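# Examination of the molecular architecture
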Amino acid sequence: MSKVVDLKGRTPYLKAPDKSPQPKSELPKQPKKFPKMPKQVWEELAPLLLEAGLLTDVDGIAFGLLCKDIADLEKVEAKLVKIDTWVDTTQNGYLLKSVWLNIRNRLHDDILKLCKEFGMTPSSRSTLKTNTATGVQGSLFDEDAEQPKEPKGLYANFGARVQH
């Protein structure tokens with residue numbers, strides 16, 4: 001009987017073997033005629049994501065959109081440096097929120113959605129599978145797994161592992 005069954009007292013749900021496509025973990029090609037600012041973002045982020053196993057050769061379009069949105073956000077933020085630019089005045093003299101704030105907020109939403117796709121938020125990383133050996137999590141029930149270290153200092157006599 002497996003260790004999972006021993007601990008839970010029931011058989012675990014059977015999962016189908018993972019047959020999802022496994023693209024190569026390599027740097028995608030930059031889009032042609034990529035502007036300067038998105039290119040700088042690409043060159044900064046791509047190696048980090050590639051090293052973490054979160055970027056593959058087929059991710060070029062989505063990653064390009066992320067880089068372009070980040071570059072656009074920098075341009076919009078430059079327009080919103082002064083607080084006076086946060087408010088526009090209509091022809092009738094009414095004050096309303098600047099169009100630049102709406103654009104900035106939309107870019108924030110778009111960037112966050114794309115960041116989640118590439119595992120660039122803590123919660124999204126917990127759900128992603130990577131293509132690198134370093135991104136593989138060990139089994140919870142592996143007897144050969146490294147055991148937690150004993151607490152030291154203030155917490156040495158605190159916890160479930162302490163023998164009284």
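Every value quoted in this text rests on a predicted model; they were computed, and no experiment measured them.

### Digging into the nonpolar core
In terms of nonpolar packing, the biggest core is built from 21 residues, with Phe63 and Leu66 touching the most fellow members. Here the element with the most residues in this core is helix 3 (residues 60-79); it accounts for 6 residues. If sequence neighbours within four positions are ignored, Phe63 has contacts with Trp42, Leu45, Ala46, Leu49, Leu55 and Phe118.

### Overview of the packing of helix 3 against helix 4 (residues 99-117)
Look at helix 3 against helix 4: their axes get within 9 Å of each other, and the N-to-C directions meet at 150°. With respect to each other, helix 3 and helix 4 are oriented roughly antiparallel. Helix-helix and strand crossings are classified by hand; for helix 3 and helix 4 the assignment is left-handed. Taken together, the residues of helix 4 that come into contact with helix 3 (itself represented by Ala62, Leu65, Leu66, Asp69, Ile70, Asp72, Leu73, Val76, Glu77 and Lys79) are Trp100, Ile103, Arg104, Leu107, His108, Asp110, Ile111, Leu114 and Cys115. Counted by class, the contact of helix 3 with helix 4 contains 12 nonpolar, 1 polar and 6 charged residues.

### Some remarks on helix 3
The end-to-end C-alpha distance of helix 3 is 29 Å, a good match for the 28 Å that 20 residues give at a rise of 1.5 Å each. In this structure, the buried residues of helix 3 make contact with helix 2 (36-51) and helix 4.

### Quick look at the environment of Leu96
Relative to the helices and strands, Leu96 resides in strand 2 (residues 95-97). The spacing of Leu96 and Trp86 is 10 residues in sequence and 8.7 Å in space, taken between C-alpha atoms. For Leu96, the residues in contact, after removing those within four places along its chain, are Trp86, Val87, Asp88 and Thr90.

How each quantity is defined
Residues numbered from 1 in each chain as written. Predicted model: local features only at pLDDT ≥ 70, side-chain atom pairs only at ≥ 80, totals over all residues. Heavy atoms only, no water. Core = buried A, V, L, I, M, F, W, Y, C linked by side-chain atoms within 4.5 Å. Buried < 20%, exposed > 50% of the residue type's maximum accessible area, 1.4 Å probe, protein only. Helix = DSSP H or I, 4+ residues; strand = E, 2+ residues; numbered from the N terminus. Contact = heavy atoms within 4.5 Å. Axes fitted to C-alpha atoms, helices over the stretch in contact; angles between N-to-C directions. Parallel < 35°, antiparallel > 145°, perpendicular 65-115°, else oblique. Left-handed = near helix turned anticlockwise from the far one by under 90°. Nonpolar A, V, L, I, M, F, W, Y, C, P; charged D, E, K, R; others polar. Expected span 1.5 Å × (residues − 1).

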